[in-house]
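# Secondary and tertiary structure notes
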Amino acid sequence: MASPPGDLSAFRSIADVVYAQARRAPNKPALHHGDTAINYAELCERVGRFAAFVASHVGRGERVGILLANVPEFVVAYFGAIAAGAVAVPINNRLAPGEIGYILSDCGVTALVTTGVQHDKLTGLPEARTVTQWILVDGARPGALAFTAAAGDVPLAEPVSTSPNDVACLLYTSGTTGFPKGAMISHRNALFNAESCQRMLGYREDDVGLLTVPLFHVTGLHSQLVALFAVGATIVLQQEYETRRALELIARHRVTALFFVPAIYKLITLRDDLRSYDLSSVRLAAYGGAPMDPETIRALRDIFPGLEMHNCYGLTESSSLATVLPSSEALSRADSVGLPVPGTEAEVRDEAGGVLPRGTPGELYLRGPQIVQGYWGAPEKTRAAIRDGWLKT
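No experiment lies behind these values; they were computed from the predicted model shown.

Bringing the overall build of the chain into the picture now. A count of helical and extended segments in the chain gives 11 helices and 20 strands. For the chain, the C-alpha radius of gyration of 21 Å lies close to 21 Å, the compact-globule estimate for 393 residues. Seen along its three principal axes, the alpha-carbon backbone of the chain occupies a region of about 60 × 55 × 45 Å. For the chain, with 393 residues in total, the buried portion stands at 54%. Looking at the chain alone, contacts between residues at least 24 apart form 66% of all its contacts between residues at least 6 apart. Per element, the accessible surface of the chain, about 16,400 Å² overall, is 51% carbon and sulfur. In the chain, which carries 34 positive and 39 negative side-chain charges, the distance between the mean positions of the two groups comes to 1 Å.

Listed below in structure tokens is the structure:
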């Protein structure tokens, strides 16, 4: 018997999310992109076929890079790579070729799903020599396979058996200094975050989420894509953010759940054509990256009556959510990031690592099931950031 949509305990791996929803509600829309709608059964079929290809061409634990915008092929490649037991490596497609090359070389990407334009920029780089499988979403080229051809004859029936603490995904953090570091996110990390989204943001099966945050970012990837699929919701992919188009998508698909940075919400409030769109379906507005000014909060609640608003704080190293501000305090404590999500410990410490009294400024430390194991191939950097499970933020 299929588990109810809100029960996340049955998931053993990130890939289980898609397989489980395909069994439970095969005909329900999973993704909308442009004029294309993909139901859960169709999505699972595509994921399974890509997983079968990866299983036969890429070794278990090898890295599969995904260098794409917010398109369905990103979703298929992400869940498919993980289902096959590989490690998915979403990469910022806005980086320069040299920066992308560093990531490919640092973690030894074996297969890369990308576009012809990126292929032509990267193939001559010494750092790209680890890539033996080039898979292009816009058609084959010499030495590169079309994404549509990267499919097994028989879909992988179930994700490969895995441990909750196995690394499923590498997300590279763009630190303020030095080279980016690959945060090792496990199945347990990502699924705990999905549960936190359900509990703290109230994600539910009948939600329709607009996903415009880049999928290479931990928020779009784990607090929207994985978390919304985990409850059996529907996702509308917006490839590149543009305010008018976002409003059109909200109205067309009856979007209920948003997750933006405050600056984007501000852009929405400044438009003079809002009456042209039916925005009455929106019930949830999550945000992060910066506080939201009270004026914008009031304006949003005028635009979206009954709106639940949550300021969220987290890092790549916390697999996304670490703290969430209750909606009831969005206005009265607009400068606060809220409370730790259930199961998470938080302490404020001084430069020597000593715990400070309540109300004393210092550095935030976090510990919980969402904290990553460390950085790929960088034990010294891991020890500097994470000790005894405590993450220095």
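Structure shown, so let's carry the discussion forward.
What follows concerns the environment of Ala151. Counting through the fold element by element, Ala151 comes out in the loop between strand 7 (145–146) and strand 8 (167–173). Remark: the alpha-carbon pair of Ala151 and Glu329, spanning 178 residues in sequence, is separated by 49 Å. Every residue in contact with Ala151, bar those within four places of it in the chain, is listed here: Arg49 and Phe53.

Where burial is concerned, most of strand 13 (residues 284–288) is hidden: five out of the five residues are buried. Burial of strand 13 is two-sided: the residues Leu284, Ala286 and Gly288 facing one way and the residues Ala285 and Tyr287 facing the other way are all buried. Between strand 12 (residues 257–260) and its parallel partner strand 13, the chain crosses via helix 9 (residues 262–269), and the hand of that crossover is right-handed. Sheet topology places strand 13 next to strand 14 (residues 308–315); five bridges connect them, and they run parallel.

What follows deals with the nonpolar core. Within the largest apolar cluster, 86 residues are counted, with the highest numbers of intra-cluster contacts made by Leu43, Tyr78, Phe79, Leu201, Leu225 and Phe229. Residues contacting Leu43, with those up to four places away along its chain left out, are Val18, Ala30, Leu31, Ile38, Val75, Val76 and Phe229. Membership of the second largest hydrophobic core comes to 27 residues, among which are Val208, Leu210, Ile250 and Ala330.

Spatially, four strands are ordered 17-18-20-19 in an open sheet, and the strand pairing comes out antiparallel. Of all strands in the sheet, those bounded by a partner on one side alone are strand 17 (345–349) and strand 19 (386–387). The sheet contact formed by strand 17 and strand 18 (residues 363–367) spans five bridges and is antiparallel. Across the sheet, residue Glu347 finds its bridge partner in strand 18, namely Tyr365.

This next bit is on helix 3 (residues 72–83). The first and last C-alpha atoms of helix 3 sit 16 Å apart over 12 residues, in line with the 16 Å expected at 1.5 Å per residue. Burial runs high along helix 3: 11 of the 12 residues are buried. Within the sequence span of helix 3, burial applies to Pro72, Phe74, Val75, Val76, Ala77, Tyr78, Phe79, Gly80, Ala81, Ile82 and Ala83. Taken from the residues just after helix 3, Gly85 is the one with a positive phi, measuring 90 degrees.

The next point concerns unusual backbone geometry. Backbone geometry places Arg254, a non-glycine residue, at a positive phi of 55 degrees. For Arg254, the position within the fold is in the loop between helix 8 (243–253) and strand 12. We note that Ser319 has phi near 60 degrees; this positive angle belongs to a residue other than glycine. Along the chain, Ser319 turns up in the loop between strand 14 and strand 15 (320–324).

Criteria and thresholds
- Residues numbered from 1 in each chain as written.
- Predicted model: local features only at pLDDT ≥ 70, side-chain atom pairs only at ≥ 80, totals over all residues.
- Heavy atoms only, no water.
- Helix = DSSP H or I, 4+ residues; strand = E, 2+ residues; numbered from the N terminus.
- Rg over C-alpha atoms; globule rule 2.2 N^0.38 Å.
- Buried < 20%, exposed > 50% of the residue type's maximum accessible area, 1.4 Å probe, protein only.
- Contact = heavy atoms within 4.5 Å.
- Areas by Shrake-Rupley, 256 points an atom, 1.4 Å probe, with all protein chains shown as cover.
- Lys, Arg positive; Asp, Glu negative; His and termini not counted.
- Charge placed at Lys NZ, Arg CZ, Asp CG, Glu CD.
- Right-handed = clockwise from strand over helix to strand, strands pointing away.
- Pairing = 2+ DSSP bridges.
- Core = buried A, V, L, I, M, F, W, Y, C linked by side-chain atoms within 4.5 Å.
- Expected span 1.5 Å × (residues − 1).

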